[in-house]
Structure formats: C-alpha cells, structure tokens
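# Overview (structure and organization)
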Amino acid sequence: MGFLIRVVINAFAIGVVTLIPALQVSVIPFPPGETLQLILTLLIVAAIFALVNTIIGTVIKVLAFPLYILTLGLIGLLINAFLLWLTAWFTSFWNWGLRVEDFWWGVVAAIIITLINWVVGIVIRPRKD
C-alpha cells in the first residue's frame, strides 16, 4: 500500500514539474495522447522512478555515503537528479515517457519533486497521539 501511495505522490510531483516550461521536463503520453493516457503515463513513469530510486538509488546512496558527509548532504541533490535522468533514459526507448532535456534543469526538477514529496508526506502521514 505504501508503494502505491508513493507512486501516486510521485506522479503528482512529476505532473507539477512538467507544468513549468522553463525546466524543460516533459511527459509524452502514449497514443492517442488523451487525458487518460497522460495520467496513466504519469503513473507508469512514477512507478519506474520509484523502482529506480528504491533499487539503484539505495546502492548509489550507500556507496556515496562519504560524499554525503563531505558535502553535508548536498550530493543528494545531484544523486536525485541523476535518478530522474536515469528514469527518463529508461523511458526513452519507447515513444512515450519522461523527457529531461538538460541535466542541470533536471537538478532543479528533482529538488521540486523532493519538496512536493516532502510536503505531501507531512500532510498525509498518520498522526501519533
């Protein structure tokens, strides 16, 4: 259940990022490209992003632990941007999916996605009384 919630939140965050044209991040829906296909594409891209973040991201974060200490955690921004770019690369083999035109705008997009995930996570987190 937690994975599905994370996928929906990621889909929302990626959808918000694609609404900012300056970031040069877009989602190309699979044909015929209607609203339903766009939503399904966002959910599939978010699921791929969650899997990439869970599998590859964990390995990279463990290996980069000394860099986290050295840079006081700022390397995490580059790692998250790399994972977003990797998700775009995985989906580039099809005619639909995530497109990140520039890596540095991808860094900004990854920061926005992280902030949205953080805020939504705070809002929907169950409260312990």
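Above this note sits the structure.
Quick summary incoming for the structure in this document. (Residues numbered from 1 in each chain as written. Predicted model: local features only at pLDDT ≥ 70, side-chain atom pairs only at ≥ 80, totals over all residues. Heavy atoms only, no water.)

Secondary structure summary: the protein contains five helices and two strands in total. Across the protein, helices and strands are ordered from the amino to the carboxyl terminus as α-β-α-α-α-β-α. A globule of 129 residues ought to have a C-alpha radius of gyration of about 14 Å, and the protein, at 15 Å, matches this closely. Taken over 129 residues, the protein has a buried fraction of 35%. Considering only contacts in the protein between residues 6 or more positions apart, those separated by 24 or more positions represent 68%. Entry remark: accessible area of the protein is about 8,100 Å², with carbon and sulfur atoms responsible for 75%. (Helix = DSSP H or I, 4+ residues; strand = E, 2+ residues; numbered from the N terminus. Rg over C-alpha atoms; globule rule 2.2 N^0.38 Å. Buried < 20%, exposed > 50% of the residue type's maximum accessible area, 1.4 Å probe, protein only. Contact = heavy atoms within 4.5 Å. Areas by Shrake-Rupley, 256 points an atom, 1.4 Å probe, with all protein chains shown as cover.)

What follows concerns a nonpolar patch on the surface. Taken together, the side chains of M1, F3, L4, I5, L51, I55, L115, W118, V119, I122, V123 and I124 define a hydrophobic patch exposed on the protein surface, amounting to about 1,200 Å² of accessible area. Put simply, the parts of the chain that give the nonpolar patch at least two residues each are α1 (2–18), α2 (35–63) and α5 (103–124). When residues of the nonpolar patch are assigned to their parent elements, the largest contribution, six residues, is made by α5. Residue classification places V119 among the partly exposed residues on the basis of a relative accessible area of 43%. (Patch = residues over 30% accessible without salt bridge, like charges linked within 9 Å, V, L, I, M, F, W, Y side chains within 5 Å. Salt bridge = Lys/Arg side-chain N within 4 Å of Asp/Glu carboxyl O.)

What follows covers the packing of helix α4 (residues 75–91) against α5. At a closest axis distance of 8 Å, the pairing of α4 and α5 adopts a crossing angle of 105°. Viewed along their axes, α4 and α5 adopt a mutual orientation that is roughly perpendicular. Here L77, L78, N80, A81, F82, L84 and W85 of α4 lie close against α5, whose contacting residues are F103, W104, G106, V107, A109, A110, I111, I113 and T114. Across the contact of α4 with α5, the residue classes break down as 13 nonpolar, three polar and no charged. (Axes fitted to C-alpha atoms, helices over the stretch in contact; angles between N-to-C directions. Parallel < 35°, antiparallel > 145°, perpendicular 65-115°, else oblique. Nonpolar A, V, L, I, M, F, W, Y, C, P; charged D, E, K, R; others polar.)

Moving on, we come to the packing of aromatic side chains. How two aromatic rings sit relative to each other is set out by the distance from centre to centre and by the angle between their planes. For the structure shown, the criterion picks out six aromatic pairs. Judged by centre distance (5.3 Å) and plane angle (10°), the ring pair of W94 and W96 falls under stacked. The exposure class of W94 is partly exposed, given its relative accessible area of 41%. With a relative accessible area of 17%, W96 lands in the buried category. Note on F103 and W104: the rings are 5.3 Å apart at their centroids and 80° apart in plane angle, and the pair reads as edge-to-face. Judged by its relative accessible area of 29%, F103 is partly exposed. What links up through ring pairs into an aromatic cluster is the set F30, W94 and W96. (Phe/Tyr/Trp six-rings, centres within 6.5 Å; stacked < 30°, edge-to-face > 60°.)

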